[in-house]
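Listed below are the residues making up each chain.
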Amino acid sequence: MSRAAALTDHPRGAEDPYVTRGATESIAERVDPVVYGSGAPRGAHSLDPEQLADYERDGFLVVPDVFSRAEAEALLEEFRGLAASERLHGREELILEPDSEQARSVFNPHRFSERFDRVSRDRRILDKVVQILDSEVYIHHARINIKSALSGRSFPWHSDFETWHAEDGLPRCRVLTAWVLLTENDEFNGPLYLIPGSHRAFVSCRGATPDDNHKASLRRQEYGVPSLGVLQELAAAGGLAAAHGAPGTLILHEGNTMHGSPDNISPAARTNLFFVYNSVLNTPAQRPFAATEFRPEFLASRDFTPVQPIGDRPR
Ligand SMILES: O=C(O)CCC(=O)C(=O)O
Ligand SMILES: [Fe+2]
């Protein structure tokens, strides 16, 4: 199957339920399910019905102890080795902080390291992802956000799906992020903030996407962010939550949940690994929905090969 043939032939314009980056901001209703299919368990590591219901209601779920502390520590060590090697030098996968030469993000560690590749295919993650999305999945991108002690910078409020739709052409919200906490995430070191229930509202953001927007947005996002008024409306309905957890915690984060995170001025780094899994039935449209060009491949994969799980056999 050629890659071009695998793009989704999705109607554009008036039939797009998620029009965004226009002259005005507005809130539209989500038209897609949150849990696709029946939500039936897919293996030994599926969510139980209560966890699945919490995810469906809130748009995220914190699952402690999915990986052991030792596994998280080994992943952090692997990352330190990768960061210290020459392999990332001068590469576009390495993103620096907006105000310093410190590393902010490293994209697609699973393409650089077998250990990260293996965790991306671990059934402890995939059984849950496939249960929610009800199809095979491919990795849209993966990323490590480092948030160094004292100087790791914030991420403004946003919905990931808004960007993936506008700039990467993902037609529908059949996509989620699975985060593995590699360090403690606590109230001090810049944890993720989320608005429970916000995944049910699609915020159509104001402002046309500039060319090459990703070059600025990965360091400091300015397009695809909601106004104060819209945030207040969402927070009035859902309140705010912070995702805290020990190393090895897994966070499942629905693609459209509104989230952001503050600066880390604490003395401890907050380093997290995340994988964005998109349904193979939701590959990009022929063109992005609200940008002149697609973002580069390292941000939005063109390899739609289904992820092959490893680990325990399914039940
Ligand atoms: O690492 C964080 O705190 C937030 C990152 C984020 O939202 C993103 O990369 O889309
Ligand atoms: Fe995000």
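Chains are numbered independently. Their residues run from 1 in the order of the written sequence. Note on labels: chains are lettered from A, ligands numbered from 1, in written order. The model is predicted, so local features are restricted to residues of pLDDT at least 70 and side-chain atom pairs to those at 80 or more, both for listing and for counting; the totals for chains, interfaces and linings are taken over all residues. Values reported for side chains reflect all heavy atoms of the structure, with hydrogen atoms and water molecules removed beforehand.

## Examining the packing of aromatic side chains
Pairing of aromatic rings covers Phe, Tyr and Trp, the last through its six-membered ring, and needs centres within 6.5 Å; plane angles under 30 degrees mean stacked, over 60 mean edge-to-face, and all others mean tilted. With the rule as written, the count across this model stands at eight aromatic pairs. For the ring pair Tyr138 and Phe304, a centre distance of 4.9 Å and an interplane angle of 70° mean the geometry is edge-to-face. Placement of the pair is Tyr138 in strand β5 (residues 137-145) and Phe304 in the segment after β13 (272-279), with a sequence separation of 166 residues. Side by side, Tyr138 and Phe304 carry an identical accessibility label, which is buried. Plain terms: the ring middles of Phe275 and Tyr277 are 6.2 Å apart, the flat faces sit at 40° to each other, and that makes the pair tilted. Tyr277 shares its class with Phe275; the two are buried. In textbook terms, an aromatic cluster arises when at least three aromatic residues are bridged by ring pairs, as seen for Tyr18, Phe161 and Phe202. Secondary structure elements follow DSSP: runs of H or I no shorter than four residues count as helices, runs of E no shorter than two count as strands, and numbering proceeds from the N terminus. Exposure classes here rest on a 1.4 Å probe applied to the protein chains alone. A residue is buried below 20% of its type maximum, exposed above 50%, and partly exposed in between.

## Considering the site of ligand 1
Proximity is defined per residue: any heavy atom of the residue falling within 4 Å of a molecule or strand makes that residue near it. Ligand 1 sits among Arg143, Asn145, Lys147, Phe155, His158, Asp160, Trp179, Leu192, His259, Ser261, Arg270 and Phe274. Definition of a polar contact: a pair of N or O atoms within 3.5 Å, with one able to donate and the other able to accept a hydrogen when the atoms are protein atoms, and with sequence-neighbouring residues admitted only if both atoms are side-chain atoms. For ligand 1, an oxygen atom lies 2.9 Å from a polar atom in the side chain of His259. The side chain of Ser261 places a nitrogen or oxygen atom 2.6 Å from an oxygen atom of ligand 1. Here ligand 1 is seated within the largest cavity. Listing elements by their share of the shell around ligand 1, those giving two or more residues are β5, β6 (155-158) and β12 (259-261). Points on a 1 Å grid, built from protein atoms alone, make a cavity when a 1.4 Å probe fits but cannot get out and make a pocket when they are open with protein on both sides within 12 Å along at least 5 of 7 lines; residues with an atom within 4 Å of a point are the lining residues. Pocket or cavity membership: a molecule qualifies when more than half of its atoms sit within 2 Å of the grid points of that site.

## Considerations on the coordination of the iron ion (ligand 2)
For Na, K and Ca the donor cut-off is 3.2 Å, and for all other metals it is 2.8 Å, counting N, O and S atoms only; because water is absent from this set, sites may look incomplete. The protein atoms that coordinate the iron ion (ligand 2) are His158 (NE2), Asp160 (OD) and His259 (NE2), at distances spanning 2.1 Å. Along the chain, the residues donating to the iron ion (ligand 2) fall in the pattern H-x1-D-x98-H. Of the two residues, Asp160 is situated in helix α5 (residues 160-168) and His259 in strand β12; the sequence distance between them amounts to 99 residues. Note on accessibility: Asp160 and His259 belong to one class, buried.

## Some details on helix α2 (residues 69-84)
Across its 16 residues, α2 extends 22 Å between first and last C-alpha, which sits within 8% of the 22 Å expected from 1.5 Å per residue. Residues of α2 that are buried: Ala72, Leu75, Leu76, Phe79 and Leu82. Seen from one end, α2 has its buried residues packed into an arc of 120°, which puts them on one side. Relative to its buried face, α2 has exposed residues pointing more than 90 degrees away, namely Ala70 and Ala84. We call two residues contacting when some pair of their heavy atoms lies within 4.5 Å. Those residues of α2 that are buried lie in contact with β4 (103-107), α3 (114-120), β5, β7 (175-181) and β13. By this rule, a helix spans an expected 1.5 Å times one less than how many residues it contains. Taking the helix axis as origin, the arc is that swept by the directions to the C-beta atoms.

## A few points about the environment of Val225
Secondary-structure assignment places Val225 in the loop between α6 (213-217) and α7 (228-238). Of the residues examined, Val225 reaches a relative accessible area of 23% and is grouped as partly exposed. The spacing of Val225 and Asp160 is 65 residues in sequence and 9.9 Å in space, taken between C-alpha atoms. If we skip the residues at most four places from it in the chain, Val225 touches Pro156, Trp157, His158 and Cys205.

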